[in-house]
Amino acid sequence: MQTRLDRFISEALAISRADAKKLISKSAVTVNGTVVKKSDIKVDTDTDEIKANGKSLTHEQFVYIMLNKPAGVVSASTDKNDVTVIDLVKDEFPRRNLFPAGRLDKTSTGFVLITDDGRFAHDILSPKHHVPKSYTVTVDSPVTDRVVQAFRDGVTLADGQLMKSAQIIPSQDGYTAQIILHQGVYHQIKRMLGVFDIGVNTLHRTAIGRLELPDSLSPGEYIKLTQQQLSLITSDMFTEN
Ligand code: URA
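Residues numbered from 1 in each chain as written. Predicted model: local features only at pLDDT ≥ 70, side-chain atom pairs only at ≥ 80, totals over all residues. Heavy atoms only, no water.

1. Side note on the site of the ligand
1) Next: Neighbouring the ligand are Leu104, Asp105, Ser108, Tyr135, His187, Gln188, Ile189, Lys190 and Leu203.
2) Next: With respect to the ligand, the backbone of Ile189 contributes an N or O atom lying 3.1 Å from a nitrogen atom.
3) Next: Contacts to the ligand include Lys190, whose backbone N or O atom sits 3.0 Å from an oxygen atom.
4) Next: Contact with the protein chains covers 95% of the free accessible surface of the ligand, which is 240 Å².
5) Next: Mapping the ligand onto the cavity grids shows that it belongs to the largest pocket.
6) Next: At three residues, the largest contribution of residues to the shell around the ligand is made by helix H6 (residues 188-194).
7) Next: Across the shell around the ligand, the residue classes tally to four nonpolar, three polar and two charged.
8) Next: Looking at the shell around the ligand, you find at least three residues from each of domain 2 (64-127 + 211-234) and domain 3 (133-208). (Near = heavy atom within 4 Å. Polar contact = N/O pair within 3.5 Å; in protein donor to acceptor, adjacent residues only side chain to side chain. Areas by Shrake-Rupley, 256 points an atom, 1.4 Å probe, with all protein chains shown as cover. 1 Å grid on protein atoms, 1.4 Å probe; cavity = no way out; pocket = protein on both sides within 12 Å on 5 of 7 lines; lining within 4 Å. Sits in = over half its atoms within 2 Å of the grid points. Helix = DSSP H or I, 4+ residues; strand = E, 2+ residues; numbered from the N terminus. Nonpolar A, V, L, I, M, F, W, Y, C, P; charged D, E, K, R; others polar. Domains from an automatic or database assignment.)

2. A few points about the packing of helix H1 (residues 5-13) against helix H2 (residues 17-25)
1) Next: In contact at an axis separation of 8 Å, H1 and H2 are set at 110° when each is read in the N-to-C sense. Comparing the axis directions of H1 and H2 gives the class roughly perpendicular. Read as a crossing pair, H1 and H2 show a hand that is right-handed. The residues of H2 that touch H1, namely those facing Leu5, Asp6, Arg7, Ile9, Ser10 and Leu13, are Arg17, Ala20, Lys21, Leu23 and Ile24.
2) Next: Across the contact of H1 with H2, the residue classes tally to six nonpolar, one polar and four charged. (Axes fitted to C-alpha atoms, helices over the stretch in contact; angles between N-to-C directions. Parallel < 35°, antiparallel > 145°, perpendicular 65-115°, else oblique. Left-handed = near helix turned anticlockwise from the far one by under 90°. Contact = heavy atoms within 4.5 Å.)

3. A short note on the environment of Ser75
1) Next: Along the chain, Ser75 turns up in the loop between strand E7 (64-69) and helix H3 (85-89).
2) Next: Of the residues examined, Ser75 reaches a relative accessible area of 4% and is grouped as buried.
3) Next: Once the C-alpha coordinates of Ser75 and Asp40 are considered, the two residues, 35 residues apart in sequence, prove to be 37 Å apart.
4) Next: Among all residues touching Ser75, those that are not within four sequence positions of it are Lys69, Val85, Pro100, Gly102, Arg103, Leu104 and Val112.
5) Next: Engagement of the side chain of Ser75 in a polar contact is seen with the backbone oxygen of Leu104, the distance being 2.9 Å. (Buried < 20%, exposed > 50% of the residue type's maximum accessible area, 1.4 Å probe, protein only.)

4. Observations concerning the sheet that holds strand E2 (residues 29-31)
1) Next: A sheet is described by the order of its strands in space; here four strands give the open sequence E3-E2-E5-E6, paired in antiparallel fashion. Each edge of the open sheet is held by one strand with a lone partner, namely strand E3 (34-35) and strand E6 (55-57).
2) Next: In terms of strand pairing, strand E5 (residues 50-52) meets E6 through three bridges, oriented antiparallel. In the strand pairing of E6, Ile50 is matched with Leu57. (Pairing = 2+ DSSP bridges.)

5. Thoughts on the nonpolar core
1) Next: Core analysis: the biggest nonpolar cluster contains 34 residues, and Ile114, Phe151, Ile179 and Leu193 have the highest contact counts within it.
2) Next: Counting only domains with at least three residues in this core, you end up with domain 2 (64-127 + 211-234) and domain 3 (133-208).
3) Next: Residues in contact with Ile114, not counting those within four places in the same chain, are Val63, Tyr64, Ile65, Leu67, Val85, Ile86, Val89, Leu98, Phe99 and Pro100.
4) Next: Counting 16 residues, the second-largest nonpolar core is a separate cluster that includes Met66, Phe111, Ile208 and Ile233. (Core = buried A, V, L, I, M, F, W, Y, C linked by side-chain atoms within 4.5 Å.)

6. Some remarks on H1
1) Next: Every buried residue belonging to H1 is among Leu5, Asp6, Phe8, Ile9 and Ser10, and all of these are buried.
2) Next: At its buried positions, H1 is contacted by strand E1 (2-4), H2, E2, strand E4 (42-44), E5 and E6.
3) Next: In the segment just after H1, Ala14 is the residue with positive phi, at about 55°.

7. Points about the domain arrangement of the protein
Put simply, an interface is often sized by how much accessible area is lost when its parts join up.
1) Next: When its domains are assigned, the protein resolves into domain 1 (2-56), domain 2 (64-127 + 211-234) and domain 3 (133-208).
2) Next: A C-alpha centroid distance of 22 Å is found between domain 2 and domain 3.
3) Next: Contacts between the two partners involve 19 residues from domain 2 and, on the opposite side, 13 residues from domain 3.
4) Next: Both faces combined, the contact of domain 2 with domain 3 buries some 1200 Å², and carbon together with sulfur accounts for 46% of it.
5) Next: Taken as a group, Asp105, Phe111 and Pro127 account for 35% of the area that domain 2 buries against domain 3, more than any other trio of residues on that side.
6) Next: Joining domain 2 to domain 3, the criterion identifies one salt bridge.
7) Next: Put simply, Lys190 and Asp105 hold a salt bridge, and the shortest N to O gap is 2.7 Å.
8) Next: Where domain 2 meets domain 3, there are nine residue pairs in polar contact (both at pLDDT 80 or more).
9) Next: Where the side of domain 2 that touches domain 3 is concerned, the elements lending two or more residues are strand E9 (109-115), helix H4 (118-125), strand E14 (211-212) and helix H7 (227-234). (Buried area = accessible area lost by both parts, 1.4 Å probe. Salt bridge = Lys/Arg side-chain N within 4 Å of Asp/Glu carboxyl O.)

Here it is, written out as structure tokens:
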């Protein structure tokens, strides 16, 4: 891809365009081994070797971030009243058009994927592709075998919508459960359990696909995902005709 040198440097190093220009004018940037002091030259991000302070830079077209969403933060890009998931990460990615790929309720916690790759987001959210999402819930009355069976068969919500088959694995006392969904309907778990008069006390997303939220990532913390980690999200993806 062809792009201006200062733009490439600012994206690769996550610095402002002005700081990228300064770096270039200080002779800190080389293109194919030659110091370049002009910011507006065009470089080819696929074939040119670009270094800043001797370190090779590669162009990342998109970023993918795993955030452990704390309770009270909303899964939106902007909000008038509440802190958003984007507010928690944006300082490190000032020039990216980031958005959450999928939502958790304000009171829910856990894995939210944030990216600027619209196509990837669409792919993993499409109910046709069945990317599973895993949750741990605590509830106010026990999950019984009847509920387990109903989740497997497909729960009909109060408004008549039939949900796809889902898995629910209750703890011995039934007050905690692991849930795996293959679609994302607004308030889905609360509404599915609501059919059985079970109220959700806490809801935490633990994994998307095979990529698990590590225990070491505290609420509010985030990490940039590698290609290898991303492939764990899509490894079981298939397309329904
Ligand atoms: N289902 C819900 O009810 N809430 C969430 O945040 C996620 C799934």
